[in-house]
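# Structural overview for review
Each chain, letter by letter, is given below.
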Amino acid sequence: MRGLDIAIAGCGPCGLAAALLLHRGGHQVSLFERFKAPQPIGSGLMLQPTGMAVLAKLGLLDAALARGSRVDRLFGMAGKRVVLDVHYAAMRGAATFGIGIHRASLFAILHEAVLRAGIPVHSGRTLAGSALLGKKRALHFSDGQTSAPYDLVIDALGTWTPLAPPTGRELTYGALWASLDWPSDATFDPHTLAQRYAWASKMAGVLPIGIPPGATTPKAAFFWSLRADRLDAWREAGLAPWKAEVAALWPDCETLLDQIHDPNQLTFARYAHRTLAAPAEPALAHIGDAWHSASPQLGQGANMALLDAWALAQGLGQEDSVDAGVRQGIRLRRRHVLTYQWLTALFTPVYQSDSRFVPLIRDRLVGPLSKLWPATAIQASMVSGLVGNPLLPLGLDKAFHVAAPLVEAA
Ligand SMILES: Cc1cc2nc3c(=O)[nH]c(=O)nc-3n(C[C@H](O)[C@H](O)[C@H](O)COP(=O)(O)OP(=O)(O)OC[C@H]3O[C@@H](n4cnc5c(N)ncnc54)[C@H](O)[C@@H]3O)c2cc1C
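Since the structure is predicted, the reported quantities are computational estimates derived from the model, not experimental observations. Each chain carries its own residue numbering, running from 1 in the written order of its sequence. At least 70 in pLDDT is required for a residue's local features to be given in this predicted model, at least 80 for side-chain atom pairs to be given and counted, and no such filter applies to totals for whole chains, interfaces and linings, which use all residues.

## Overview of the pairing of strand 3 (residues 44–47)
- Residues Gly44 and Met46 point to one face of strand 3 and Leu45 and Leu47 to the other, with burial holding for every one of them.
- Summarising the sheet, strand 3 and strand 7 (residues 98–102) pair through four bridges and their orientation is antiparallel. What sits directly across from Leu47, in strand 7, is Ile99. Residue burial is a threshold on neighbouring C-beta atoms within 10 Å of the residue's own C-beta, all placed from the backbone, with 20 or more meaning buried, 12 or fewer meaning exposed, and counts in between meaning partly exposed. Helix numbering and strand numbering both begin at the N terminus, where a helix is a DSSP run of H or I of at least 4 residues and a strand a DSSP run of E of at least 2. What makes two strands pair is DSSP finding at least two bridges between them.

If you want it as structure tokens, here you go:
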């Protein structure tokens, strides 16, 4: 099916990718977004081979490699024990890796492509709901206005979408995030996401995120796990006790901590686990975080959003009616979405919880076992987003990047 009039709500990675793919599929696409620029909810994220496969199809993978930082390894220690050591290369038959990237870089890459394609972006438009008018659907805005009806509305408004019924739950833990200069000494490996834990109640992480817009040198995303109900106390206590706590857990972080002078340099991101039961409605598709969101422990959300956008474009291309196309797009993704929602719910308490038992098992049993094959390959496949072979039904290929030029982060 071609030539549909489609409104896409939300200019996150999901909405922007969907706009590009559907524009290429011969549809008239309009984007609606409340902000003029991306909001700093978390400074960095990991692109995995799944999301990279979609970016490769869009011709944007080289730009992501150039602006981000190649990540070959995930490494975590609790005290003196190595409890996480995942090498992407452990997957046989694929020289895979991830990309650490600033959220603003990913936005810029997709947004620039949208502008080049001439797709209209209506910014400063806050969505409040939608209404079915015959077989079409109109958007309701928070200023009381209603749009013309569209053949299809795509809800890519993220976790708190007003276009879907509320569902799921906020998690007890979130994290403070900051973008900092990559340390010029050799303290950190520029191709490793490094983490330190004490039980599951303390976690610090350093992710290389390349050179974001407006910067000239490589940056690190620094994150610190924090219970949402302790955020006010953290602010009131000032930076000194917190810095001492971080330095006690991970002395190498001092060069990063020295760059933090104001609590406002840190943004608190709260996580939620939610999965919509009915992502396909008449003339309405919920995709990306609007369909399913989870804690970023496995680093999959943006990648799942890109896969959803690709699948929806495939579904609409394969079917003769809007609703059948949306249902097909959802069908192509449902198994992988449910698998990763389940895996993320399983693994989140291992790294962020008040449990004493779960991190004990992690440190004493799972950590040592995970260094042995086939656990090494299983873990690499899990963080890559490739469990359940999600690319096959989508006609995507995970060998795309072998030919792509690698750009060093630092
Ligand atoms: C701290 C943190 C770290 C993360 N790390 C990773 C990672 O390493 N790897 C990974 O893959 N994922 C990660 N994620 C998850 C990832 O960011 C999300 O899964 C991804 O951004 C979802 O994309 P989306 O386009 O569906 O939604 P969003 O990115 O949430 O985009 C939604 C868009 O809709 C707009 N919008 C919302 N409501 C309205 C409204 N009412 N009217 C108009 N516009 C509206 C928003 O402004 C936004 O532009 C992380 C998330 C957080 C919070």
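## Here's the deal with the packing of helix 1 (residues 13–24) against helix 8 (residues 301–318)
- The angle between two axes is taken between their N-to-C directions and runs from 0 to 180 degrees, where each axis is a line fitted to C-alpha atoms and a helix contributes only its stretch in contact. It is the contact of helix 1 with helix 8, at a shortest axis distance of 8 Å, that shows an interaxial angle of 25°. The angle between the axes of helix 1 and helix 8 places the two elements in the roughly parallel class. Where helix 1 crosses over helix 8, the two elements pack in a sense that is right-handed. Across from Pro13, Cys14, Ala17, Ala18, Leu21 and Leu22 in helix 1, the residues of helix 8 making contact are Ala302, Ala305, Leu306, Asp308, Ala309, Trp310, Leu312 and Ala313.
- A class-by-class count of the residues in the contact of helix 1 with helix 8 yields 13 nonpolar, no polar and one charged. Roughly parallel means an angle under 35 degrees; roughly antiparallel means over 145; roughly perpendicular covers 65 to 115; every other angle is labelled oblique. Should the near helix be turned anticlockwise from the far one by less than a right angle, the crossing is left-handed, and should it be turned clockwise, the crossing is right-handed. Note on contacts: each residue gets a C-beta atom placed from the backbone, and two residues are in contact if those atoms are within 7 Å. Side-chain classes are defined by residue name, with Ala, Val, Leu, Ile, Met, Phe, Trp, Tyr, Cys and Pro counting as nonpolar, Asp, Glu, Lys and Arg as charged, and the others, Gly among them, as polar.

## Thoughts on the confidence of the model for the protein chain
- pLDDT expresses, on a scale from 0 to 100, how confident the predictor is about each individual residue. Taken residue by residue, the protein chain gives an average pLDDT of 93. The fraction at 70 or more is 95%.
- The low-confidence segment residues 402–410 (pLDDT under 50) makes 20 contacts with residues lying over four places distant or belonging to another chain.

## Topic: the sheet that holds strand 7
- Strand order in the open sheet made by the three strands is 3-7-4, with antiparallel pairing throughout. Lying at the two open borders of the sheet, with one neighbouring strand each, are strand 3 and strand 4 (69–71). Strand-to-strand, the axes of this sheet are offset by a mean angle of 30°, without reference to chain direction.
- The pairing of strand 4 with strand 7 spans three bridges and is classified as antiparallel. Its bridge partner being in strand 7, Arg70 is matched across the sheet by Ile99.

## Examining the packing of helix 1 against helix 4 (residues 103–116)
- Running from N to C, helix 1 and helix 4 cross one another at 25°; their axes reach a closest spacing of 9 Å. Taken together, the axes of helix 1 and helix 4 are roughly parallel relative to one another. The crossing of helix 1 and helix 4 is left-handed. Contact with helix 1, carried on its side by Pro13, Leu16, Ala17, Ala19 and Leu20, involves Leu106, Leu110, His111, Ala113 and Val114 of helix 4 and no other residues of that element.
- Considered class by class, the residues forming the contact of helix 1 with helix 4 number nine nonpolar, one polar and no charged.

## Here we look at helix 11 (residues 375–384)
- Where helix 11 is concerned, the buried positions are Gln379, Ala380, Ser381, Val383 and Ser384.
- Lining the buried residues of helix 11 we find helix 2 (49–57), strand 5 (73–78) and strand 6 (81–87).
- Of the residues trailing helix 11, Gly385 is marked for its positive phi of about 85°.

## Brief notes about the nonpolar core
- Joined through C-beta atoms within 7 Å, a set of buried Ala, Val, Leu, Ile, Met, Phe, Trp, Tyr and Cys residues constitutes a nonpolar core. The biggest cluster of nonpolar side chains holds 118 residues, and the ones touching the most others in it are Ala9, Ala17, Ala18, Ile287 and Ala309.
- Residues within four places of Ala9 in sequence aside, it is in contact with Gly15, Phe32, Leu127, Leu139, Val153, Ile154, Asp155, Ala156, Leu157 and Leu163.

## A closer look at helix 1
- Expected span of a helix: the number of residues minus one, times 1.5 Å. The end-to-end C-alpha distance of helix 1, which contains twelve residues, comes to 17 Å, matching closely the 16 Å that a straight helix rising 1.5 Å per residue would cover.
- Taking burial as the measure, the twelve residues of helix 1 include ten buried ones, the bulk of the element.
- Buried residues of helix 1: Pro13, Cys14, Gly15, Leu16, Ala17, Ala18, Ala19, Leu20, Leu21 and Leu22, and no others.
- Of the surrounding secondary structure, the elements contacted by the buried residues of helix 1 are strand 1 (5–9), strand 2 (28–33), helix 2, helix 4, strand 11 (152–155) and helix 8.
- Following helix 1 by one or two positions, Gly26 adopts a phi angle in the positive range, close to 90°.

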